[in-house]
Every structure is written in C-alpha cells, then in structure tokens.
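The lines below spell out each chain.
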Amino acid sequence: MSFRWLSRPNALSGMGVADHTKNTFLELKRKKVHRYVIFKVDEGKKEVVVEKTGGPAESYDDFTAALPENDCRYAVYDYDFVTSDNCQKSKIFFIAWAPSSSRIRAKMLYATSRDRFRRELDGVHYEIQATDPTEMDLEVIKDRAH
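Residues numbered from 1 in each chain as written. Predicted model: local features only at pLDDT ≥ 70, side-chain atom pairs only at ≥ 80, totals over all residues. Heavy atoms only, no water.

## Quick word on unusual backbone geometry
Within the chain, Lys-32 stands out as a residue other than glycine whose phi angle is a positive 60 degrees. Position of Lys-32 among the secondary structure elements: in the loop between helix H1 (19-31) and strand S2 (36-42). For Lys-32, a relative accessible area of 36% corresponds to the partly exposed category. Of note, the phi angle at Asn-86 is positive, near 65 degrees, even though the residue is not glycine. On the secondary structure map, Asn-86 appears in the loop between strand S4 (73-82) and strand S5 (88-97). (Helix = DSSP H or I, 4+ residues; strand = E, 2+ residues; numbered from the N terminus. Buried < 20%, exposed > 50% of the residue type's maximum accessible area, 1.4 Å probe, protein only.)

Structure (structure tokens):
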C-alpha cells in the first residue's frame, strides 16, 4: 500500500512551508532579529510564505496594526518581559488570526493548514486563535506568559 499522497499538500493536510519561512522563524527564535513575523498562505505556490517582519524595536501595537483587518494570517510574536524575580524572559506566541469579517474560503484554508504549519515552528510556547483584536490583546499575552 502506498502512502505517497500523505506528503503532498492538499486541502486535508494543508499547505507546504517554504524554507525561507522556516529560516525567518529561526531568526526570530535564535537570533532575535525580528520581534514578529506575519505569514500568509500563497495559494498559487500552495505554501505558507513570509508576508512581513518587524524589527526588534517594534511594539505590540506595531504588530497588531500590521495584521490585515479583513483577511486571515498566521503570526509569531516574541514577547519579552521581566519576572517578579527580576529575570529577563522571552516567550514566543503563535497567533492564528481569522477575523470574523474575512471570507469563509480564507477561514477554511487557514484552518486546514494551521496544524501542519504550527508543527513546523518548533519552539513556540503558546498558541492563540483570534477572531477579533480583543482575543489577542496585550493583556491576554501578558496573562499567558506569566
């Protein structure tokens, strides 16, 4: 019995992941080159690609402003904070952004691709599914990180 069909991207297994996409995540995780990375599904290439990166000095507000108002995206955000013991810590959040106003086809595409893409991002600490900005507010991030 052949299982070659399992390795091909399709509606059931999700999209492929570009090497550049994985490398950009590793730059965020290991080198702290980016504060955040926003990914989008390129339907023509049938893979998840990097749409935008934010420099280390950018804020959480810059990150949320970079997400489209009416379309789905995946994102990772590197949240830095200081613990009550005065230790500098960092937690990486994976955010599946699917606003209520986005097209149903886009929501389905991102939902079916999410698990496979998320598995490619080794080192994510927390995952958030957000349909409106209040579900991924900075307070939500702070609460999850502490």
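## Things to note about the packing of aromatic side chains
All told, the structure shown has 12 aromatic pairs when counted by the stated rule. Here Tyr-60 and Phe-63 contribute two aromatic rings whose centre-to-centre distance is 5.5 Å and whose plane-to-plane angle is 50 degrees, an arrangement assigned as tilted. Here Tyr-60 pairs with Phe-63, and both are found in helix H2 (residues 60-66), just three residues apart, close to one helical turn. We classify Tyr-60 as buried; its relative accessible area is 6%. Taken together, the aromatic side chains of Phe-39, Tyr-74, Phe-94, Tyr-110 and Phe-117 make up a single cluster linked through ring pairs. (Phe/Tyr/Trp six-rings, centres within 6.5 Å; stacked < 30°, edge-to-face > 60°.)

## Considerations on the nonpolar core
Counting residues in hydrophobic clusters, the biggest one holds 21 residues, and the most contacted among them are Tyr-74, Val-76, Phe-94 and Phe-117. Contributions of two or more residues to this core are made by H1, S2, S4, S5 and helix H3 (104-120). Tallying contributions element by element places H3 first for this core, with four residues. Discounting residues that sit within four places of it in the chain, Phe-94 has contacts with Tyr-74, Ala-75, Val-76, Arg-114, Phe-117, Arg-118, Leu-121, Val-124, Tyr-126, Glu-127 and Ile-128. Formed by 18 residues, the second largest nonpolar core is a distinct cluster that contains Ile-38, Tyr-60, Trp-97 and Ile-128. (Core = buried A, V, L, I, M, F, W, Y, C linked by side-chain atoms within 4.5 Å. Contact = heavy atoms within 4.5 Å.)

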